[in-house]
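# Fold and contact review
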Amino acid sequence: MLTKMKGFGSLKSPIFVKTAGFAFVALAFFYLGKHWSDDTYQQLIFFSSNSNPNAKIPSISISPNYNKSFDIKSLINDTKEVETVADHTLPAIPPQPLLSPPPPPPPAVQRLGVVDENGVMRDEFEVGEYDPDVVENRNNETKAVEDDNGTVRVLKFETCPVSMREYIPCLDNEDAIKELKSTEKGERFERHCPEKDKGLNCLVPPPKGYKAPIPWPTSRDEVWYSNVPHAQLAEYKGGQNWITVDKDKFKFPGGGTQFIHGADQYLDQISQMIPEIAFGNHTRVALDVGCGVASFGAYLYSRNVLTMSVAPKDVHENQIQFALERGVPAMIAAFATRRLLYPSQAFDLIHCSRCRVNWTRDDGILLLEVNRLLRSGGYFAWAAQPVYKHEPLLEEQWEEMMNLTTRLCWNLVKKEGYIAIWQKPLNNTCYLSRELGTLPPLCDKKDDPDDVWYVDLKPCISRLPEDGSGANITDWPDRLNNPPARLQSLKLDAYVSRNDLFKAESKYWKEIIESYVRALRWNTYKLRNVMDMRAGYGGFAAALIGNQLDCWVMNVVPVSGPNTLPVIYDRGLIGVMHDWCEPFDTYPRTYDLLHAAGLFSIEQKRCNISSIMIEMDRILRPGGRAYIRDSVSVMDELEEIGKAIGWRVAVRDTAEGPHASYRVLTCDKNLPR
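Report on the accompanying structure. No experiment lies behind these values; they were computed from the predicted model shown.

### Details of the side chain of Asp532
Mapping Asp532 onto the fold places it in strand E16 (residues 529-532). Among buried charged residues, Asp532 stands out as having no salt bridge; its nearest opposite-charge side chain is Arg534, 8.3 Å away. When neighbours within four sequence positions are excluded, Asp532 is seen to be in contact with Phe540, Val553, Met554, Asn555, Val556 and His595.

This is how it looks when you write it as structure tokens:
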């Protein structure tokens with residue numbers, strides 16, 4: 001009995017009590033833990049190694065609680081942060097509930113937008129400085145992946161062969177040129193774009209030794225040899241004061257075929273011949289045909305005249321490339337069989353100095369195109385051998401020219417030395433008073449003289465508007481901000497409110513550019529050649545002038561929208577019609593800044609966005625920038641393509657704040673190694 005009582009008493013010993021209590025607590029925790037896990041974590045995924053050597057991914061088992069709902073917000077707030085486990089094949093240890101301290105405050109976030117939390121523009125917006133010494137190490141290999149939907153995404157575009165470093169897709173299409181039925185009228189120098197599936201899909205490389213371009217105005221007189229390594233033009237035109245080679249640079253003395261004593265002296269002579277031309281006042285926009293290296297336009301710029309310098313990609317192949325490298329407005333264009341891509345009454349002055357164009361062929365169809373482009377009351381200056389040389393063949397050419405210009409109602413206002421200058425009439429009175437049957441006839445009233453995209457030349461005289469619009473513009477600089485009369489002739493839904501739309505766009509871009517100058521320090525950028533890829537009324541270009549940024553803008557009006565080019569030229573700006581589903585007519589590496597506002601959200605319905613951005617990379621100078629202002633719906637795709645191209649990209653808020661439907665994608669193209 002004593003033995004039994006002794007054994008029973010041992011159950012009350014401290015050791016037994018502790019052991020039983022520990023077991024009870026352990027069971028309680030096991031039950032509570034299982035219950036808490038079942039109720040809280042609804043979707044647990046466990047990874048395990050797969051012994052099958054042919055398997056490409058580990059096997060996955062899913063918790064039976066998958067698809068059950070839970071309050072993720074309370075879960076996050078009621079748990080503490082745990083250190084990440086280095087071995088991701090191990091399951092995460094669930095944090096203990098209720099016992100964790102409150103989480104530490106989040107670190108300060110650097111704001112990337114240009115507004116504060118109240119939506120007010122900030123002056124202290126920080127932008128990373130561009131370092132011109134940063135270079136890009138690009139491997140020549142295209143990388144792509146396929147997502148779950150079967151869509152192939154390019155991670156990195158390959159670099160084109162070195163032979164394509166001057167490649168212009170629509171002008172170097174040898175296969176299409178070989179199939180032309182005739183080339184006697186210059187058809188080979190016009191646009192022949194590759195088919196959609198044969199377009200450019202690689203990145204055009206720069207020449208070896210490419211450097212950051214010499215900034216304007218120094219670039220007017222010299223550029224790096226390594227950036228345009230083609231000495232043929234210097235050799236061919238060495239005796240005509242066009243261009244010379246000096247060590248590691250090309251230098252431009254400012255001469256030309258007919259003004260070997262310098263462009264400034266030549267311009268002074270024109271001003272003395274016709275004082276009413278008034279460079280920089282009455283004459284603001286000019287066209288130089290067969291421009292050479294564009295010294296005529298380069299020196300007119302200092303007189304407040306904006307000159308579009310054009311030439312074909314012919315035997316003097318790189319003349320437009322030299323012009324753009326200098327920082328002079330220029331593009332490739334040929335007087336052949338189609339209308340040039342500029343509107344009617346665009347230019348106050350059209351100039352041809354030994355431009356090698358036969359103006360009288362086909363009863364003057366090429367001079368009829370000049371007539372379409374020339375503003376009513378504008379001037380055509382011709383410097384050529386038939387003007388001053390007395391040889392039978394040249395005298396015959398002069399007589400043909402005089403006969404043709406008389407039938408066009410042009411008035412020869414001055415002939416001096418080797419220059420002859422005609423003036424176009426202000427209205428249709430002279431045309432209507434010609435003898436019946438005089439050729440060329442007036443164009444049909446239904447003909448639109450501003451219709452230019454792939455439109456053939458027409459053997460007729462473009463009618464002038466009966467209301468005199470196009471001739472009644474004000475002088476520079478007032479014309480920049482005055483709504484022109486031709487604003488009312490645009491094919492838009494709005495009519496009464498067009499002036500208001502014009503003023504609203506001007507005000508909008510004025511505020512945007514002021515914010516770019518203030519916040520993004522645009523005034524420190526070395527901008528010269530700028531392109532606005534969807535120009536509207538030209539408000540972006542006008543705002544750059546208003547902020548005294550020393551650059552010029554190629555205002556591109558897409559064919560997918562209204563033709564606003566007449567308004568752009570009436571403001572004293574330059575531009576061109578273009579379809580962004582096709583490449584642009586310029587050499588690679590010719591623009592410092594590309595600006596696109598609302599372009600991609602519209603063109604994505606018609607074009608391949610990747611093709612447009614590859615074309616942007618082709619024409620953008622290394623060290624240049626692209627600013628894309630577009631809707632949130634396309635911004636992710638644009639950012640992804642920009643990274644695949646190799647640009648440094650960043651998505652920023654607009655001035656409207658982080659909840660606006662638009663964003664700005666800033667892209668920097670690095671200098672090559």
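### Observations concerning the pattern of salt bridges
Going through the model one piece at a time under the given rule, you end up with 36 salt bridges. The partner of Lys251 in a salt bridge is Asp246, with the nearest N and O atoms 3.1 Å apart. What makes Lys251 partly exposed here is its relative accessible area of 30%. Between Arg356 and Asp314 there is a salt bridge whose closest N-O contact spans 2.7 Å. One end of the pair, Arg356, is in the loop between strand E12 (347-353) and helix H9 (361-373); the other, Asp314, is in the loop between strand E10 (306-311) and helix H8 (319-326), and 42 residues separate them in sequence. Judged by its relative accessible area of 14%, Asp314 falls in the buried class.

### What about the packing of H9 against helix H11 (residues 392-407)?
Two elements in contact, H9 and H11, have axes whose closest approach is 11 Å; the angle formed by their N-to-C orientations is 60°. As judged from the angle between their axes, H9 and H11 are oblique. Helix-helix and strand crossings are classified by hand; for H9 and H11 the assignment is right-handed. For the pair H9 and H11, contact is made by Asp363, Gly364 and Leu367 and by Met401, Leu404, Thr405 and Arg407, respectively. In the contact of H9 with H11, the residues fall into three nonpolar, two polar and two charged.

### Some words on the sheet that holds strand E8 (residues 249-251)
Read from one edge to the other, the open sheet built from three strands follows the order E6-E8-E7, with strand pairing classed as antiparallel. Edge positions in the sheet fall to strand E6 (222-224) and strand E7 (244-246), since each has one partner strand and no second. On average, each strand axis in the sheet is inclined to that of its neighbour by 30°, with strand direction left out of account. In terms of strand pairing, E7 meets E8 through three bridges, oriented antiparallel. The residue bridging Val245 from the neighbouring strand is Phe250, located in E8.

### Side note on the state of the cysteines
Note on terminology: disulfide describes a covalent bond linking the sulfur atoms of two cysteines. As enumerated under the stated definition, the model contains six disulfides in all. Disulfide pairing places Cys170 opposite Cys193 at an S-S distance of 1.9 Å. Note on the Cys170 and Cys193 pair: the S-S dihedral is about 105°, so by sign convention the disulfide is right-handed. Of the two residues, Cys170 is situated in the loop between strand E5 (152-156) and helix H4 (174-178) and Cys193 in the loop between H4 and E6; the sequence distance between them amounts to 23 residues. Covalently, Cys352 is tied to Cys355 through a disulfide, its sulfur atoms 1.9 Å apart. Taking the sign of the torsion about the S-S bond as the criterion, the disulfide between Cys352 and Cys355, at about -80°, is left-handed. Accessibility classification places Cys352 together with Cys355 in one group, the buried group. For the chain, the disulfide bridges join cysteines in the arrangement 1-4, 2-3, 5-6, 7-8, 9-10, 11-12, where the cysteines are counted in sequence order.

### Focus: the nonpolar core
Judged by nonpolar contacts, the single largest core of 151 residues is most densely connected at Tyr342, Trp359, Phe380 and Trp522. Excluding its chain neighbours within four sequence positions, the residues that come into contact with Trp522 are Ile513, Tyr516, Val517, Leu527, Phe540, Leu544, Leu549, Leu593 and Tyr627. One finds Trp242, Ile243, Val293 and Phe322 within the second-largest nonpolar core, a separate group that totals 10 residues.

### Quick look at unusual backbone geometry
With an omega dihedral of 10°, the bond running from Trp216 to Pro217 counts as a cis peptide bond. With respect to the secondary-structure elements, Pro217 resides in the loop between H4 and E6. Pro477 follows Trp476 through a cis peptide bond whose omega is 10°. In this fold, Pro477 is placed in the loop between helix H12 (429-432) and helix H13 (498-519). At Lys247, a residue that is not glycine, the phi angle is positive and equals roughly 60°.

### Thoughts on H8
Of all eight residues that make up H8, eight are buried, and the element is covered over most of its length. Taken residue by residue, H8 has Gln319, Ile320, Gln321, Phe322, Ala323, Leu324, Glu325 and Arg326 as its buried positions. Residue Gly327 follows H8 closely and has a positive phi angle near 100°.

Rules used in this analysis
Residues numbered from 1 in each chain as written. Predicted model: local features only at pLDDT ≥ 70, side-chain atom pairs only at ≥ 80, totals over all residues. Heavy atoms only, no water. Helix = DSSP H or I, 4+ residues; strand = E, 2+ residues; numbered from the N terminus. Buried < 20%, exposed > 50% of the residue type's maximum accessible area, 1.4 Å probe, protein only. Lys, Arg positive; Asp, Glu negative; His and termini not counted. Salt bridge = Lys/Arg side-chain N within 4 Å of Asp/Glu carboxyl O. Contact = heavy atoms within 4.5 Å. Axes fitted to C-alpha atoms, helices over the stretch in contact; angles between N-to-C directions. Parallel < 35°, antiparallel > 145°, perpendicular 65-115°, else oblique. Left-handed = near helix turned anticlockwise from the far one by under 90°. Nonpolar A, V, L, I, M, F, W, Y, C, P; charged D, E, K, R; others polar. Pairing = 2+ DSSP bridges. Disulfide = S-S within 2.5 Å. Core = buried A, V, L, I, M, F, W, Y, C linked by side-chain atoms within 4.5 Å.

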